[in-house]
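# Geometric and topological summary
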Amino acid sequence: VGQSGDRVFLYTTSGAPAGRVMAIDLARPEAPWVEVVPERAEPIYDDNHPMRPTVGLFGDRIAAMYARNGTVLVRAFDLDGRLQVEHEHDGFGSTESGLVGRADRPVARFDVASMYDRGRAFEVDLHTGDARVLGEPVVPFTPSEFTLSRTTYPSFDGTRVPVFLAHCRGLVRDGTHPVLMIDWGHSGLVMRPLYMPSYHAWLELGGVIALVGARGGGEFGGAWREAGRGVNKLTSIDDLGACAGWLAS
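Calculation criteria
- Residues numbered from 1 in each chain as written.
- Predicted model: local features only at pLDDT ≥ 70, side-chain atom pairs only at ≥ 80, totals over all residues.
- Heavy atoms only, no water.
- Pairing = 2+ DSSP bridges.
- Helix = DSSP H or I, 4+ residues; strand = E, 2+ residues; numbered from the N terminus.
- Axes fitted to C-alpha atoms, helices over the stretch in contact; angles between N-to-C directions.
- Buried < 20%, exposed > 50% of the residue type's maximum accessible area, 1.4 Å probe, protein only.
- Arc of directions from axis to C-beta.
- Contact = heavy atoms within 4.5 Å.
- Phe/Tyr/Trp six-rings, centres within 6.5 Å; stacked < 30°, edge-to-face > 60°.
- Lys NZ or Arg CZ within 6 Å of the ring centre and 35° of its normal.

### Focus on the sheet that holds strand β11 (residues 131-135)
Whenever strands of a sheet pair, they do so through backbone hydrogen bonds, lying parallel or antiparallel. Spatial ordering of the open sheet is given by β9-β10-β11, a layout of three strands whose pairing is antiparallel. The sheet is open, and its two edges are formed by β9 (107-114) and β11, each paired on a single side. With direction set aside, neighbouring strand axes in the sheet form an average angle of 35 degrees. Pairing of β9 with strand β10 (residues 117-125) involves seven bridges; the strand directions are antiparallel. Within β10, the position partnered with Val 112 by the bridge is Arg 120.

### Describing helix α1 (residues 197-204)
When we look at burial in α1, the residues that qualify are Tyr 199, His 200 and Leu 203. The arc enclosing the buried residues of α1, seen along the axis, measures out at 100 degrees, which places them on a common side. In this structure, the buried side of α1 is in contact with β12 (146-154), β13 (160-168), β14 (179-183) and β15 (208-212).

### Considering the pairing of β10
Where β9 folds back onto β10 in an antiparallel hairpin, the turn is made up of two residues. Of the pairings in the sheet, the one linking β10 to β11 comprises four bridges and is antiparallel in character. Looking across to β11, one finds that Phe 122 is bridged to Val 133. Linkage of β10 to β11, two consecutive antiparallel strands, is achieved through a turn of five residues, within which Gly 129 is found at a positive phi near 85 degrees.

### As for the sheet that holds strand β3 (residues 20-25)
If you trace the four strands from one edge of the open sheet to the other, you get β1-β2-β3-β4, paired in antiparallel fashion. Every other strand in the sheet has two partners, leaving β1 (2-4) and β4 (34-37) as the edge strands with one partner each. Across the sheet, the mean angle from the axis of one strand to that of its neighbour is 35 degrees, orientation sign disregarded. Here β1 pairs with strand β2 (residues 7-12) via three bridges, running antiparallel. When the bridges of β2 are listed, Ser 4 appears paired with Arg 7.

### Section: unusual backbone geometry
Even without being glycine, Asp 46 reaches a positive phi, approximately 50 degrees. On the secondary structure map, Asp 46 appears in the loop between β4 and β5 (55-58). For Asp 46, a relative accessible area of 3% gives the class buried.

### Some remarks on the packing of aromatic side chains
Aromatic ring pairs are defined here through the distance separating the ring centres and the angle between the ring planes. Applying the stated rule across the entire model yields three aromatic pairs. Measuring from ring centre to ring centre gives 5.6 Å for Tyr 153 and Trp 246, while their planes differ by 25 degrees; the resulting arrangement is stacked. Taken together, the residues Tyr 153 in strand β12 and Trp 246 in helix α3 (residues 233-248) connect sequence positions 93 residues apart. Judged by relative accessible area, Tyr 153 falls into the buried class, the value being 0%. Lying over the aromatic face of Tyr 66, Arg 75 brings its terminal NZ or CZ to 4.7 Å of the ring centre. Positioned over the ring face of Trp 224 is Arg 215, at 5.9 Å from the centre of the ring.

This is how it looks when you write it as structure tokens:
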């Protein structure tokens, strides 16, 4: 995550399936590791993916991005792990950038996009929590023509599985429209409503997109991932099948 003086901050899921930040003291390597930012109810976004880091040290703040029911939530902690500010993006969305910034400034930047919204770049002050839009692309369509909702459906064993549904505003979900089902269901990856031109084209043509958060993914932390992993892999497939039946009913 970063270093401040002799303290090195590390991200781990050991003993914390949803992720936490630990610290070690280089001046006392024999000393035990100290928990700085404990595991919270929401999992760290994408398990602090190495290509899209969602935990970082920016100035005198540790910033972490969390996945909260389809929204992007950024929390800033001081170097002793005390929560200082919290910024939650308004509306469903996902990030492709993760948290970006400099080690000497308490400022973090990130992007948020959605199924039919190419997104915006934001900058948040980790001392005040104030956020501003840095920029947004010019696109030849109106995002308000579409709608995105999040709900749950019962799987084969009664477990409620989350699903995002996107379609043109005003479309009647009466079973007559083609549905594109998309699912990770593995490796703890979160099924997030990212923007892709092909998704946008499908929606414009009257299709529906269902993003399924089947077990095996990271929607609810490590326990959700393990429930669809290894000998439990069939659970992921059954979750997907249950969604198809639910959509067709």
